[in-house]
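Remarks on the overall topology
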Amino acid sequence: MSDPTDEETPGGSGRRARGALESDVLAALWAADAPLTARQVLERLPGDLAYTTVLTILSRLHDKGMLVRNRKGRGYAYTPVRDEASHTARQMRSLLEEGSDREAVLTRFVSELSAQDEQLLHQLLSGQDTRDERSDGNR
């Protein structure tokens, strides 16, 4: 039995890269307006996945504390613990903490931002409310 999150082989066997399936499952849950069952998640994922593969990924994400589940019929309905922005911010912070030279990592990160992202970062750091500007159509 193979691990559904194994590395994708260079020859294009169709297997997803490690973590890609978890990311796809999380994306499906974030896009939903209500908790989803494993069957509903499966229907929203690209490709030809087995139902048991989706169940395995949902169980792993739940065990990692990334999903909550509530009984629905004989199974469960799943909801992400954090929204997508919070999840991504947590990943970024974790990567930053893994580096041995924070200043170098932050410097490189900022130097590779687009002009719009750099402007947004300046606004956020200065305490300006960027959401008001974006809703006015200025962004």
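If you're wondering where the values come from, they're calculated on a predicted model, not measured in any experiment.

Digging into the overall build of the protein chain
Along the backbone of the protein chain there are seven helices and three strands. Along the protein chain, helices and strands appear, N-terminal first, in the series α-β-α-α-β-β-α-α-α-α. In the protein chain, which comprises 139 residues, the share counted as buried stands at 22%. Sequence separation of at least 24 residues holds for 35% of the intrachain contacts in the protein chain that already meet a minimum separation of 6. Per element, the accessible surface of the protein chain, about 9800 Å² overall, is 48% carbon and sulfur.

Re the sheet that holds strand E1 (residues 36-37)
The sheet built from three strands is open, its strands ordered E1-E3-E2 with antiparallel pairing. Strand pairing shows two members of the sheet lacking a second neighbour, E1 and strand E2 (67-72), which therefore form its edges. Pairing of E1 with strand E3 (residues 75-80), which is carried by two bridges, proceeds in the antiparallel orientation. Following the sheet pairing, Leu36 is matched in E3 by Tyr78. The strands touched by helix H1 (residues 20-31) are E1, E2 and E3; relative to E3, the strand with the most contacts, the crossing angle is about 85°. Across the sheet, helix H3 (residues 51-63) is in contact with E2 and E3; its angle to E2 comes to roughly 120°.

Examining the nonpolar core
Of all hydrophobic cores here, the largest spans 18 residues; its most connected members are Val25, Leu29, Val41 and Leu58. Broken down by secondary-structure element, the contributors of at least two residues to this core are H1, helix H2 (38-44) and H3. With five residues, H1 is the largest single contributor of residues to this core. Residues within four places of Val25 in sequence aside, it is in contact with Val41, Leu45, Ile57, Leu58 and Leu61.

Comments concerning the packing of aromatic side chains
Scanning the model with the defined rule gives one aromatic pair in all. One cation-aromatic arrangement involves Arg71 over Tyr76; the distance from NZ or CZ to the ring centre is 4.5 Å.

Conventions we followed
Along every chain, residues carry numbers that run from 1 in the direction the sequence is written. Two thresholds apply to this predicted model, a pLDDT of at least 70 for residue-level local features and 80 or more for giving and counting side-chain atom pairs, whereas whole-chain, interface and lining totals are computed over all residues. Each side-chain value is worked out from all heavy atoms of the structure, with water and hydrogens disregarded. Put simply, DSSP H or I for four residues or longer makes a helix, DSSP E for two residues or longer makes a strand, and each gets a number counted from the N terminus. Only protein chains enter the accessibility calculation, which uses a 1.4 Å probe. A residue is then buried if its area is under 20% of the maximum for its type, exposed if over 50%, and partly exposed in between. Two residues form a contact once any of their heavy atoms are found within 4.5 Å. To be clear on the numbers: accessible area is Shrake-Rupley with a 1.4 Å probe, and residue cover counts the displayed protein chains and nothing else. Two strands are said to pair when DSSP picks up at least two bridges between them. Where helices are involved, their axes are fitted lines through C-alpha atoms of the stretch in contact, as for all axes, and angles between N-to-C directions lie from 0 to 180°. Think of a nonpolar core as a cluster: buried Ala, Val, Leu, Ile, Met, Phe, Trp, Tyr and Cys residues, connected wherever their side-chain atoms sit within 4.5 Å. Stacked, tilted and edge-to-face are the three classes assigned to paired rings of Phe, Tyr and Trp, where Trp is represented by its six-membered ring and a pair needs centres within 6.5 Å; plane angles under 30 degrees give stacked, over 60 edge-to-face, the rest tilted. Counting as a charge over the ring demands two things of the Lys NZ or Arg CZ atom: a distance within 6 Å of the ring centre and an angle within 35 degrees of the ring normal.

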